[in-house]
Amino acid sequence: QVQLVESGGGLVQAGGSLRLSCAASGRTFSSYTMGWFRQAPGKEREFAAAISWSGDTNYADSVKGRFTISRDNAKNTVYLQMNSLKPEDTAVYSCAADSAFRARPTGRARSYDYWGQGTQVTVSS
């Protein structure tokens, strides 16, 4: 069982930056693919970024070039650095863990076994 706890959300002006953190319990964190997903009010959950156990990354087109996902296996933590934020980035951001071995980190939500509660990110115009 893996427990995930996100932090770092908040209110920021358009063009600003935030860094989200996701702390994971469990000794097998380093072998998991970790992903960040977001859900805006009234919208479907969507993929933002993912990072494999080896450090390979995958980004949604909407965040590519602005967001950076990284991980620190010694701290059992994955990060999402968000720059040049836009009002349309406003959402609840959740991290997730995929325990399956994959050639590339997936953006499919159904592939992820464990989910955090989420942290709110609000970008004002």
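So, a few notes on the structure that sits alongside this text. Just so we're clear, the structure is a prediction, and the values are computed from it rather than from any experiment.

1. Points about unusual backbone geometry
At Asn76, a position not held by glycine, the phi torsion is positive, near 55°. At Ser84, a residue that is not glycine, the phi angle is positive and equals roughly 50°. Residue Ser84 is classed as partly exposed on the basis of its relative accessible area, which comes to 40%.

2. Some details on the pattern of salt bridges
Following the criterion strictly, the structure yields five salt bridges and no others. As a salt-bridge pair, Asp89 and Arg38 come within 2.9 Å of each other at their nearest N and O atoms. Taken together, the residues span a long stretch of sequence, with Asp89 in the loop between β8 (77–82) and β9 (91–98) and Arg38 in strand β4 (residues 33–39) at a distance of 51 residues. Owing to a relative accessible area of 6%, Arg38 belongs among the buried residues under this scheme. Here Arg102 makes a salt bridge to Asp98, at a shortest N to O gap of 2.5 Å. In this structure Arg102 comes out as partly exposed when scored by relative accessible area, which is 27%. Taken together, the shared-partner salt bridges in this structure form one network comprising Arg38, Glu46, Arg66 and Asp89.

3. Remarks on the sheet that holds strand β3 (residues 18–24)
The strand order β1-β3-β8-β7 describes an open sheet built from four strands, whose pairing is antiparallel. This sheet does not close on itself; its edge strands, each paired only once, are β1 (4–7) and β7 (67–72). Strand-to-strand, the axes of this sheet are offset by a mean angle of 15°, without reference to chain direction. Alignment of β1 against β3, held across four bridges, turns out to be antiparallel. Note on β3: the bridge partner recorded for Glu6 is Cys22.

What counts as what
Residues numbered from 1 in each chain as written. Predicted model: local features only at pLDDT ≥ 70, side-chain atom pairs only at ≥ 80, totals over all residues. Heavy atoms only, no water. Buried < 20%, exposed > 50% of the residue type's maximum accessible area, 1.4 Å probe, protein only. Salt bridge = Lys/Arg side-chain N within 4 Å of Asp/Glu carboxyl O. Helix = DSSP H or I, 4+ residues; strand = E, 2+ residues; numbered from the N terminus. Pairing = 2+ DSSP bridges. Axes fitted to C-alpha atoms, helices over the stretch in contact; angles between N-to-C directions.

None of the figures reported here should be taken as evidence of function without further support.
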